[in-house]
Amino acid sequence: MISIEEALAIILENVAPAAPRRMALEQCRGRVLGEDVSAREDVPPFTNSAMDGFAVRAEDTAGASPRTPRRLEVLEDLPAGAVTATAVGAGEAIRIMTGAPLPAGADSVVMVENTRGGEGGVEVLRPVRPGENVRRAGESVRRGEPVLAAGTLLRPPEIGMLAALGCSRPAVIPAPSAAIVSTGDELIGIDDALRPGHIRDCNRYSLAAAVERYGGLPVPLSPAGDREGELKTRLEEALSREVVITSGGISAGKYDLVPEIIREMGGEILIRKVKMKPGKPLTFSLVGGTPVFSLPGNPVSVLVSFLQFVRPALLKMQGRKNLELPEVEAALAVECREVTDRTHLVRVRLERGEEGYLATPTGPQGSGILKSLVRADGLMVVPPEAGPLPAGTRVRVRLLDAREG
Ligand code: AMP
Ligand code: MG
């Protein structure tokens, strides 16, 4: 049995980022940029007003105050999107809106709040300096300037920047598609009537949601019963995807056939068991170069194993660099009596106390008790043989998605 860290290292050695592909910008949020992007044009493309107000020559406003206003003649209105051939001369102004190009002759903008009147003539109540309230062409980005480097994660600001640069189809690392196969003769669909001995297939849904959460494209296939032919057919179907994720059928039971079938299909099994609770029976293999994650069937084990092993692999395949779940330090709020010879990932709720986070286990930690994961904010890492832990012990907690939005 190998440690979580050893297992993760093996997995990450065997997955690589996909080749970049051009994609419509609308689909690029959360992708990693696959090319360096330089500005092909200035941003902003022309010198324009940063305020609603009056385009003027700064010298005409010298000494202006509410008691000694400077009166200027207003030549015309200039809304955003319009251009004018009219130049501003001495004693003149053009009423200008934010984003409209600064007219010739003007060197500054008096904001409307510092003026009075405005029809035909305007009274300027405060002087402006040359350049005041003006955005120069290229002040945000100069043409030719390198702006975004390959490897950058595209968040909303980067998407906005690419749009501003006119980059409608950037090269990005595409989302890997992940086939999802639940296994087990006992599984029925979530809309089916319950029958004796049967349970609803919840892993198909939780795994699809998890794949989607971390940027992959989930492709749930029909579940497979615990029969060799059916499992083989389903796995073959699944191998047309970039990643395969199965649940169930990998423990010590008579009908746990998945590893054997992977071997028969010519797969190379690289991991068979991990020193972790929940989720000891993890099988990781390569079948024709495709990474196959065979996760345990219990609804908690499957998700904890996903978070520990599939999530970082999916992220690496997308060119991401921060592969580990974020961690915080916390103090145990109550004694934790759990003892195991494996690394125990205990589901905990986190609260902010006076001196940082307090972690409280969310109840019975059975690997089928999904409720305790539903109530959890994180997974507390208890090293092998470390328990029981008294209240107050400093612990590390791997963060799950926040439960409250
Ligand atoms: P297995 O790993 O196949 O022995 O399954 C372990 C436990 O998880 C058994 O109690 C299964 O009934 C349950 N289980 C397996 N697959 C699923 C699934 N897709 N949804 C819900 N429970 C499952
Ligand atoms: Mg099973």
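See above for the structure.
Okay, so let's go over this structure. Source: prediction; values computed, not measured. (Residues numbered from 1 in each chain as written. Chains lettered and ligands numbered in written order. Predicted model: local features only at pLDDT ≥ 70, side-chain atom pairs only at ≥ 80, totals over all residues. Heavy atoms only, no water.)

## Here we look at the packing of helix 3 (residues 203-213) against helix 6 (residues 299-317)
Between two packed helices, the angle of one axis relative to the other and the distance separating the axes together describe the packing. What counts is decided by this rule: Think of each axis as a best-fit line through the C-alpha atoms, taken over the contacting stretch in the case of a helix, with angles from 0 to 180 degrees between the N-to-C directions. Helix and strand assignments come from DSSP, with helices taken as H or I runs of at least 4 residues and strands as E runs of at least 2, each series counted from the N terminus. The labels follow the angle: roughly parallel below 35 degrees, roughly antiparallel above 145, roughly perpendicular from 65 to 115, and oblique for the rest. Working rule for handedness: look at the near helix, and if it is turned counterclockwise from the far one by less than a right angle, call the crossing left-handed; if clockwise, right-handed. Only heavy atoms matter for contacts: two residues are in contact if any of them lie within 4.5 Å across the pair. Residues were grouped as follows: Ala, Val, Leu, Ile, Met, Phe, Trp, Tyr, Cys and Pro as nonpolar; Asp, Glu, Lys and Arg as charged; and all remaining residues, including Gly, as polar.
Two elements in contact, helix 3 and helix 6, have axes separated by 10 Å at closest approach and are oriented at 25°. By the angle between their axes, helix 3 is roughly parallel relative to helix 6. Helix 3 and helix 6 meet at a crossing whose hand is right-handed. Residues Asn203, Ser206, Leu207, Ala210 and Val211 of helix 3 form the contact with helix 6, whose participating residues are Pro299, Val302, Leu303, Phe306 and Leu314. Its residues assigned to classes, the contact of helix 3 with helix 6 comprises eight nonpolar, two polar and no charged.

## Brief notes about the site of ligand 1
Selection criterion: The near set for a molecule or strand comprises every residue that places at least one heavy atom within 4 Å of it. Here a polar contact is taken to be a pair of N or O atoms separated by no more than 3.5 Å, where protein atoms must pair a possible hydrogen donor with a possible acceptor and residues adjacent in sequence count only if both atoms sit in side chains. Exposure was quantified through the Shrake-Rupley algorithm and a 1.4 Å probe, taking into account, for residues, occlusion by the shown protein chains and nothing else.
Near ligand 1 there are 17 residues, and of these Glu186, Asp201, Cys202, Asn203 and Gly249 occur at the shortest range. One of the side-chain nitrogen or oxygen atoms of Glu186 is found 2.5 Å away from an oxygen atom of ligand 1. Here Gly249 contributes a backbone N or O atom positioned 2.9 Å from an oxygen atom of ligand 1. Considering ligand 1 on its own, with 480 Å² of exposed area, one finds that the protein chains cover 78% of that surface.

## Points about the packing of aromatic side chains
Operational definition: What counts as a ring pair is set by centres within 6.5 Å for rings of Phe, Tyr and Trp (its six-membered ring), and what kind of pair is set by the plane angle: stacked under 30 degrees, edge-to-face over 60, tilted for all other angles. Only protein chains enter the calculation, and the probe is 1.4 Å; a residue is then buried if its accessible area is under 20% of its type maximum, exposed if over 50%, and partly exposed in between. Any Lys NZ or Arg CZ that is within 6 Å of a ring centre and within 35 degrees of that ring's normal is treated as a charge sitting over the ring.
Scanning the entire structure with this criterion turns up two aromatic pairs. Both rings, one in Phe284 and one in Phe293, keep their centres 5.0 Å apart while their planes meet at 45°; by these two values the pair is tilted. Residue classification places Phe284 among the buried residues on the basis of a relative accessible area of 0%. By relative accessible area, which is 1% here, Phe293 ends up buried. Taking the ring centre of Tyr205 as reference, the NZ or CZ of Arg204 above it sits at 5.7 Å.

## A look at the environment of Leu153
Within the secondary structure, Leu153 sits in the loop between strand 12 (146-148) and helix 2 (156-164). If sequence neighbours within four positions are ignored, Leu153 has contacts with Gly30, Arg31, Val32, Glu158 and Arg320.

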